[in-house]
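# Report on the structure
Read off the chains here:
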Amino acid sequence: MAASSHPLLTHLSHSVRFSSIQIQSLHLSTFHPLRHIRGCCFCDTSNSSRRRRQTVATSFVAFKASAVPAPASSYASREFLDTVNIADDVTQLIGRTPMVYLNKVTKGCVANIAAKLESMEPCRSIKDRIGYSMISDAEESGAISPEKNILVEPTSGNTGLGIAFVAATKGYKVIVTMPASVNLERRILLHAFGADIVLTDPKKGMKGAVDKAEEIVLNTPNAYMFKQFDNMANAKIHYETTGPEIWEDTMGSVNIFVACIGTGGTVAGCGQFLKMMNKDVKVVGVEPAERNVISGENPGYLPSILDVNLLDEVLKVTNDEAVEMARRLALEEGLLVGISSGAAATAAISIAKRPENAGKLIVVVFPSFGERYISTVLFRSIHEEVQSMQQI
C-alpha cells in the first residue's frame, strides 16, 4: 500500500505540508508495535492491540501537524509524549528478535532452518532476557531494591552482562565472579556497566565461580545472588516471550526446536511452551562434546531448572566444529555470531539432513553476537593477521 493511501495520511498530505519521507514514516509507525516485555504481550495481535497501535500513530500525527508549540515546561516532561513509539529505557527493547533462514551453509539439507537472532538483543545476547527477568522477579517479590541490595552472580560473561546492563538502568551495584579464563572483552564490558569482577581459578570452572559468589554473599551485608542455574525466572521468561515469539513468527509451523544447553533456561522455557502448543514439536538440546552433561560422559553441573524430560534428543558438538561453523556463518550467511551459535547451527544442520525431516521447519537459537569473541579461538587467526598488517 502506498504511503499516502492510508485515509488519515491522505487527508493530512492535503491539509498539511509533510514531506514524502515524513508521510512514509507516519504510515510505518501505524503498524509498528511497541516492544515492551511487561505490560504489552509480544504476541498480542488482538483488535484492541491493533487499535492501541493505531492510536499511537494518530496521536503522533496530530502532534506533528499541530502548529502550536508545546509549553516550555513540557520539554522536561514525558507526559506530552506519552503516545510516541519510544521506549522508556533500554530494558523495553529486550525481546522481539528477528528470525532468518539459513541459505548457504545448508547444502545437503532436506529441511528448512530458521535462526532466531538473540545476537540482536540490546546487549547482544539471549541473557538480556534473563537478566531483566531475574531482577524484575526479585523486585516484585520484595527481595531486592536499588537503595538496599548489592547483586552478586557467578557467570562466564553473558549472564553477568545481562544483569549488569539492566542493573545500570535501575541503580544497583553488581559484583560478578567468573573463571579467570573468561575473555578480556567480557571483563571490559562488565566494567563499562559498572560491575566489579572477582576472578576465580579456571581449573575449578563455573563451580569455583559459584563457590566464590556464595562466599561473597555470606560476608557482604544485603548481598543478593540470583542463582541463574536454579532460578525459575530464567526459564519463565523464555516460556513467556521467546517461545511465543517463535510460535508467532513461524505461524505455528515449527517442527523441531534446537538450542544449546547452558543454564537450561532456553531449552526448558521454549520447549515447554512449544510442546504445549503442539505436542509433536521435537526439542533438541546441544552440548559440548568435551564436557557434556545430559548424556552422562564427563558429567558437569546439571542445572535444576532443566527438565530433561522435555528433551527428545541431545546432540554433542566439538569445539572445533562449533568454531568452524561460526566462521562459516559470518563468511557465507553474513551472520556474526558466537561459538555457541556455531554449535547450535552444526546440530541443526545435522538434523536437517535426515531423510525423515524432509520439508520440516527447524528453529535454532543463535544466543550471542560474534564481536564478543574477538580475542578467542573463534577469531584468533584473523586477530593476529590484522595486528601484523603494515602500512603501504
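Relevant structure appears above.
Before going into details, it helps to say that this report is about the structure given with it. (Residues numbered from 1 in each chain as written. Predicted model: local features only at pLDDT ≥ 70, side-chain atom pairs only at ≥ 80, totals over all residues. Heavy atoms only, no water.)

Tallying secondary structure elements over the protein chain gives 12 helices and 10 strands in all. By the burial criterion, 46% of the 392 residues in the protein chain qualify as buried. The long-range fraction of contacts in the protein chain, counting pairs at least 24 apart against all pairs at least 6 apart in sequence, stands at 71%. Approximately 19600 Å² of the protein chain is accessible, and the part contributed by carbon and sulfur atoms is 54%. (Helix = DSSP H or I, 4+ residues; strand = E, 2+ residues; numbered from the N terminus. Buried < 20%, exposed > 50% of the residue type's maximum accessible area, 1.4 Å probe, protein only. Contact = heavy atoms within 4.5 Å. Areas by Shrake-Rupley, 256 points an atom, 1.4 Å probe, with all protein chains shown as cover.)

Glancing now at the sheet that holds strand 5 (residues 196–200). As summarised here, the arrangement of the 4 strands in space is 5-4-3-6, forming an open sheet in which the pairing is parallel. Unpaired on one side and paired on the other, strand 5 and strand 6 (223–225) mark the two borders of the sheet. Averaged over all pairs of adjacent strands, the angle between strand axes in this sheet comes to 25°, irrespective of strand direction. As paired elements, strand 3 (residues 150–154) and strand 4 (residues 173–179) share 5 bridges and run parallel to each other. Bridge pairing in strand 4 links Pro154 to Thr177. Against the sheet, helix 5 (residues 158–170) makes contact with strand 3 and strand 4, and its axis sits at roughly 170° relative to strand 4, the strand it touches most. Sheet contacts for helix 7 (residues 205–219): strand 3, strand 4, strand 5 and strand 6; angle to strand 4, the most-contacted strand, approximately 145°. (Pairing = 2+ DSSP bridges. Axes fitted to C-alpha atoms, helices over the stretch in contact; angles between N-to-C directions.)

Bringing the pairing of strand 4 into the picture now. Along strand 4, 6 of the 7 residues are buried, which leaves the element largely enclosed by surrounding structure. Each parallel crossover has a hand, and for strand 3 linked through helix 5 to strand 4 it is right-handed. Sheet topology places strand 4 next to strand 5; 5 bridges connect them, and they run parallel. Bridge pairing links Pro179 to Thr200 in strand 5. Handedness of the β-α-β unit built from strand 4, helix 6 (residues 184–192) and strand 5 comes out right-handed. (Right-handed = clockwise from strand over helix to strand, strands pointing away.)

With that settled, consider the sheet that holds strand 7 (residues 256–260). With mixed pairing, 6 strands are arranged side by side in an open sheet as 1-2-10-7-8-9. The sheet is open, and its two borders are formed by strand 1 (99–101) and strand 9 (313–317), each paired with just one other strand. Taken over all neighbouring pairs, the strand axes of this sheet differ in orientation by 25° on average, direction set aside. The sheet contact formed by strand 7 and strand 10 (residues 361–366) spans 3 bridges and is parallel. By the bridge assignment, Ile256 is partnered in strand 10 with Ile362. Across the sheet, helix 8 (residues 232–249) is in contact with strand 1, strand 2 (112–117), strand 7 and strand 10; its angle to strand 2 comes to roughly 135°.

Between two packed helices, both the angle of their axes relative to each other and the distance between the axes serve to describe the pair. Put simply, helix 8 and helix 9 (residues 265–277) touch, their axes get as near as 7 Å, and they point 50° apart. For the element pair helix 8 / helix 9, the angle class is oblique. For helix 8 against helix 9, the interelement crossing comes out right-handed. Here Asn234, Ala235, His238, Tyr239, Thr242, Gly243, Pro244, Ile246 and Trp247 of helix 8 lie close against helix 9, whose contacting residues are Gly265, Thr266, Ala268, Gly269, Cys270, Gln272, Phe273, Leu274, Met276 and Met277. (Parallel < 35°, antiparallel > 145°, perpendicular 65-115°, else oblique. Left-handed = near helix turned anticlockwise from the far one by under 90°.)

Our focus in this paragraph is the pattern of salt bridges. Any two side chains of opposite charge can pair, given that their charged atoms come close. All told, the structure shown has 15 salt bridges when counted by the stated rule. For Lys170, the salt bridge is made with Glu139, and the minimal N-O distance between the two is 3.1 Å. Residue Lys170 is found in helix 5, and its partner Glu139 is found in helix 4 (residues 127–140); the two are separated by 31 residues along the sequence. Residue Lys170 is classed as partly exposed on the basis of its relative accessible area, which comes to 29%. Given the relative accessible area of 24%, Glu139 is considered partly exposed. Linking Lys173 and Asp196 is a salt bridge whose minimum nitrogen-to-oxygen distance equals 2.4 Å. Residue Lys173 is located in strand 4, and its partner Asp196 is located in strand 5; the two are separated by 23 residues in the primary sequence. Residue Lys173 is classed as partly exposed on the basis of its relative accessible area of 39%. (Salt bridge = Lys/Arg side-chain N within 4 Å of Asp/Glu carboxyl O.)

Without other data, these values stay purely geometric and don't point to any function.
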